[in-house]
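# Structural overview for review
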Amino acid sequence: MTIPPAIRRNLGRAFLALLVVAALFLVTVIYATGEVLLAGTFLVIIALAAWLYLSQKTYAYRYLFPGIAAAIIFVVFPVIYTIFISFSNYSSRNLLEFPRATQYLLDQTYPGESNTFGFSLFPDGGKFRARLEDSEGGAVFFTPAFAMPGEAPVAVTAVPEAAAGFTPGDPVELGDIIANEENLKKLAITMPNGARLGMTGLSEFAALKRLYTPRPDGSLLNNQDGTVIKPNVRTGFYETPSGEKVLPGFQVKIGLDNYVRIFTDPKYREPFTRIFIWTVVFAGLSVLFSFSLGLVLAVLLNWEALRFRSVYRLLLFLPYAVPGFISILVFKGLFNNNMGEINLILDAVFGIRPPWFSDPFLAKVMLLIVNTWLGFPYMMVVSMGLIKAIPMDLYEASAVAGAGPLTNFFKITLPLIKRPMLPLLISSFAFNFNNFVLVMLLTGGRPDFLDTTIQAGTTDILISYVYRNAFVDSGQQFGLGAAISTVIFLLVAGITLVQIRYTKIADDEKR
Amino acid sequence: MAIVTNKSQRWRVLAAHVFLVCLCALVIFPFLLTISISLRPGNFATGRLIPAEISFEHWRFALGLPTVGPDGTKVYPDLPVLRWLWNSIRVALVSACIGLLLSTTAAYAFARMRFAGKKAALTGLMLMQMFPSVLALVAIHSIFTRIGNAFPVFGMDSLWSLVLAYSGGIALHVWTIKGFYETIPAEIEEAATVDGATPWQAFWRVLLPMALPILMVVFLLAFIGAIIEYPVASILLHSQKNLTLAVGANSFLYPQKYMWGDFAAAAILSGLPITIVFMLAQKGLIAGLTSGGTKG
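Treat the numbers as computed from the prediction; the structure is a model and nothing was measured.

## Remarks on the domain arrangement of chain B
Residues and elements named next belong to chain B.
- What the domain assignment reports for chain B is domain 1 (7-75) and domain 2 (81-289).
- Using only C-alpha atoms to locate each centre, domain 1 and domain 2 end up separated by 33 Å.
- Between domain 1 and domain 2, the residue contacts involve 10 residues of the former and 13 residues of the latter.
- Summing the contributions of domain 1 and of domain 2, the shared interface buries around 1,200 Å²; its carbon and sulfur component is 76%.
- There are zero salt bridges connecting domain 1 and domain 2.
- Residue assignment for the side of domain 1 that touches domain 2 shows that the elements contributing at least two residues are helix H1 (7-39) and helix H2 (57-62).

## A closer look at the UniProt feature "transmembrane region" (unreviewed entry) in chain B
Residue and element names in this part refer to chain B.
- As recorded in UniProt, the sites labelled "transmembrane region" (unreviewed entry) are residues 12-39, 89-110, 122-144, 159-181, 202-228 and 263-281.
- Taken end to end, residues 89-110 has its terminal C-alpha atoms 31 Å apart, with 100% of it in helix and 0% in strand.
- From the first C-alpha to the last, residues 202-228 spans 36 Å; its make-up is 96% helix and 0% strand.

## Regarding the state of the cysteines
All names here are of chain B.
- Here the structure, examined in full by the defined rule, presents zero disulfides over all chains.
- Here Cys-22 stays unpaired: no disulfide links it, and the sulfur of Cys-24, its closest cysteine neighbor, is 9.4 Å away.
- A relative accessible area of 47% means that Cys-22 is categorised as partly exposed.

## With respect to the UniProt feature "transmembrane region" (unreviewed entry) in chain A
Residue and element names in this part refer to chain A.
- In the numbering adopted here, UniProt assigns the feature "transmembrane region" (unreviewed entry) to residues 12-31, 37-54, 63-84, 275-302, 314-335, 365-387, 421-442 and 478-502.
- The straight-line gap between the two end C-alpha atoms of residues 63-84 is 31 Å; of that span, 100% is helix and 0% is strand.
- Secondary structure across residues 478-502 comprises 100% helix and 0% strand; the distance between its end C-alpha atoms is 36 Å.

## What about the environment of Thr-452 of chain A?
Residues and elements named next belong to chain A.
- Position of Thr-452 relative to the elements: it lies in the loop between helix H16 (436-442) and helix H17 (462-472).
- Sequence separation between Thr-452 and Leu-37 is 415 residues; the distance between their C-alpha atoms is 38 Å.
- Residues within four places of Thr-452 in sequence aside, it is in contact with Pro-271 and Arg-274.

## Quick look at the nonpolar core
- Ranked by size, the top nonpolar core spans 185 residues in total, and within it Leu-316, Ile-484 and Ile-488 of chain A together with Tyr-181, Phe-252 and Phe-263 of chain B carry the most contacts.
- Examining the composition of this core, we find that 14 residues originate from one element, helix H3 (residues 81-112) of chain B, more than from any other.
- Residues lining this core come from more than one domain, with at least three contributed by each of domain 1 (7-75) and domain 2 (81-289) of chain B.
- The contacts of Tyr-181 of chain B, once residues within four sequence positions are left out, are Thr-104, Ala-107, Tyr-108, Ala-111, Arg-112, Phe-203, Leu-207, Leu-208 and Ala-211 of chain B.

## Here we look at the side chain of Ser-86 of chain A
Residues and elements named next belong to chain A.
- Relative to the assigned elements, Ser-86 resides in helix H3 (residues 59-86).
- Of the residues examined, Ser-86 reaches a relative accessible area of 0% and is grouped as buried.
- Among the polar contacts made by the side chain of Ser-86, one reaches the main-chain carbonyl oxygen of Ile-83 at a distance of 2.6 Å.
- Residues in contact with Ser-86, not counting those within four places in the same chain, are Gly-255, Asn-258, Tyr-259, Gly-479, Ala-482, Ala-483 and Thr-486.

## Here we look at the packing of aromatic side chains
- By the definition in use, this model includes 41 aromatic pairs over all chains.
- Ring centres of Phe-87 of chain A and Tyr-259 of chain A lie 5.6 Å apart, and the angle between their planes is 45°; this geometry places the pair in the tilted category. One end of the pair, Phe-87 of chain A, is in the loop between H3 and helix H4 (98-106); the other, Tyr-259 of chain A, is in helix H8 (residues 257-264), with 172 residues separating them in the sequence.
- Accessibility expressed as a relative area gives 28% for Phe-87 of chain A, which makes it partly exposed.
- A relative accessible area of 13% means that Tyr-259 of chain A is categorised as buried.
- For the pair Tyr-108 of chain B and Tyr-181 of chain B, a centre-to-centre distance of 6.4 Å together with 85° between the ring planes defines the contact as edge-to-face. You can see Tyr-108 of chain B sitting in helix H3 and its partner Tyr-181 of chain B sitting in helix H7 (residues 171-183), a full 73 residues away along the chain.
- Overall, Tyr-181 of chain B belongs to the buried group, its relative accessible area being 0%.
- In textbook terms, an aromatic cluster arises when at least three aromatic residues are bridged by ring pairs, as seen for Tyr-63 of chain A together with Tyr-108, Tyr-181, Trp-200, Phe-203 and Trp-204 of chain B.
- Lying over the aromatic face of Phe-449 of chain A, Arg-274 of chain A brings its terminal NZ or CZ to 4.4 Å of the ring centre.

Basis of the calculations
- Residues numbered from 1 in each chain as written.
- Chains lettered and ligands numbered in written order.
- Predicted model: local features only at pLDDT ≥ 70, side-chain atom pairs only at ≥ 80, totals over all residues.
- Heavy atoms only, no water.
- Domains from an automatic or database assignment.
- Contact = heavy atoms within 4.5 Å.
- Buried area = accessible area lost by both parts, 1.4 Å probe.
- Salt bridge = Lys/Arg side-chain N within 4 Å of Asp/Glu carboxyl O.
- Helix = DSSP H or I, 4+ residues; strand = E, 2+ residues; numbered from the N terminus.
- UniProt positions renumbered as here; feature names shortened; annotations may be inferred.
- Disulfide = S-S within 2.5 Å.
- Buried < 20%, exposed > 50% of the residue type's maximum accessible area, 1.4 Å probe, protein only.
- Core = buried A, V, L, I, M, F, W, Y, C linked by side-chain atoms within 4.5 Å.
- Polar contact = N/O pair within 3.5 Å; in protein donor to acceptor, adjacent residues only side chain to side chain.
- Phe/Tyr/Trp six-rings, centres within 6.5 Å; stacked < 30°, edge-to-face > 60°.
- Lys NZ or Arg CZ within 6 Å of the ring centre and 35° of its normal.

Laid out in structure tokens, this is it:
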């Protein structure tokens, strides 16, 4: 295909312009849904893209942009956003932002004192009609046919019986009304005189009034009892004059409160300290056990007097080849107290059935056993490679000097592989420090501490503790979870810095 | 070897064999048991290692086939194992493709071009890879809730969100591919440029075909990474039909509902192909990395 270069260049530009217009349209759509922050982010990205692909000076960045932008949006931005959230009171009680929380309150209604209407529901084709009978005058009204409200509320306008032109059959059974009560509560009926009715009982509709009226100073007047609630930007709630909090709350910046809570509030500090210590112990012991086992195996499998080495190597590598989530769950089943095979065998041989999941110490032992099983093949393979690089004549010299295998191991092998191994051990430590999948799938952090007021488990490591606080247990403390995440970030960053230093040392040695 | 073998050597060899055989038995034990459990009737560990009675009820469950209940009616499995596997494969395929696409061009710029901030960007990528996404779960949850308010397709409980979240993790891929590009002599593309090719043509027509082996390896790695990912999937997905296998598999072993046999069959069914891909990639990775080498 031969297209003149001039047209081709302009074709590219036209395509780009089209893309920009489409993207700008998207931004408008996002802005319209109220996600201002998201719209702004998109706008910046589009502007950057347009500039990069039009300017002649930025040629290299054209290749970089898609990848780097994706990495920044989905890796860097969440990190920054986590830190941002850690300074807020974002939680299930303070989920909404201020305007939305206010709107939620303004949408609240309460039944007024005016007369009530008897309510019954009649099927009409696949749809429904509501019959409303004035409890005082006895006048009857019908609504037009409507589909049962589901997600969205349905608003209909009722007409007098004579104008409806509808001959009702049998009304819907009360049982079906009860089953659909949640949906029917969303039904808003406007009467011919303009009054708005809502469901106030299973067979009763009544005029609904707005619970709150906004006042110019930002406070809300409660129409039902006459109190005034004011937004408190410190606590993130509307509060009554007596200081009572009105749900739902809204998100506010609370500064370092979450961090202060983690480190000083005994309710949080107690479990945090214990979990931190266990995290370090868990990561340290996991590395120690899997490295020791892996190294011993590597030494053995490099021993030329031994036959069938390749068979052993293949079998021992298996735990590394199987996806973690499958083997961890297999172990969860095997360790089961009553039905697991491990206890079955222990019972048959020794007559014991250790409660692996309910005893804190045994649960920790189990985690370490499984993690060693999962981790040693990697250490074995790496160590084998490093041992291969040790010159053979060192061992021959030591054999002449009459040294045994233990002396060889501690005087030659270990010192020589220590340096190159160290950065790998540190990164393995950092990995296990955040070994969320293992803890979450095997024990879920349980058994829980019995003496703490907030839910925390004896086998929880920091990151599973965050997960439980933020997503699993009631409360959904996103702000607190983000603060603990940030603390872990700093710790991992520290570990990473140490690792980079050691890697540099190892590199310098090589040169 | 010139080392004299004596009597203690023979004992030591024997001891080493005993030790290795025991350890191998320990390593293989869980796998053999899983196969055995999947073939035993019932969900209890009542059988021996070699089941006395073989039943395929768990395999029927895993494959989504109905079983005949005690009252003679057909009982359909209540957990869609095959659907989860299919979800996992779809998400992994799409996100691996996008990830690969994003990283090949970025790696090209890093390997061949000069620009301001190159070194900082490379270090930045290295650092990014060291922070696991599990630390940003709260933010990821919040971001996708927000995106979902504007575009429901990319909101909570959508496989597309997961694809989006996985596609951003390209740091390691960029490094790996860049290392391979650098082993290809730059003169080949320079020759193409002299013949009148634009940098894009030199990249697309000349360099990329030569880099195919490493692209395959990176694709497999990204694919496997997405298949076995658990934390992000567990917070983004809720409804049973949308789960990936890693999240769904977790719902077999609850104290109230302990479906040990069904899990075993599902684990083998889905674990086997993944394991084979995993092993292939390991092999390919070692080959790819030793020929490519990630140079700093």
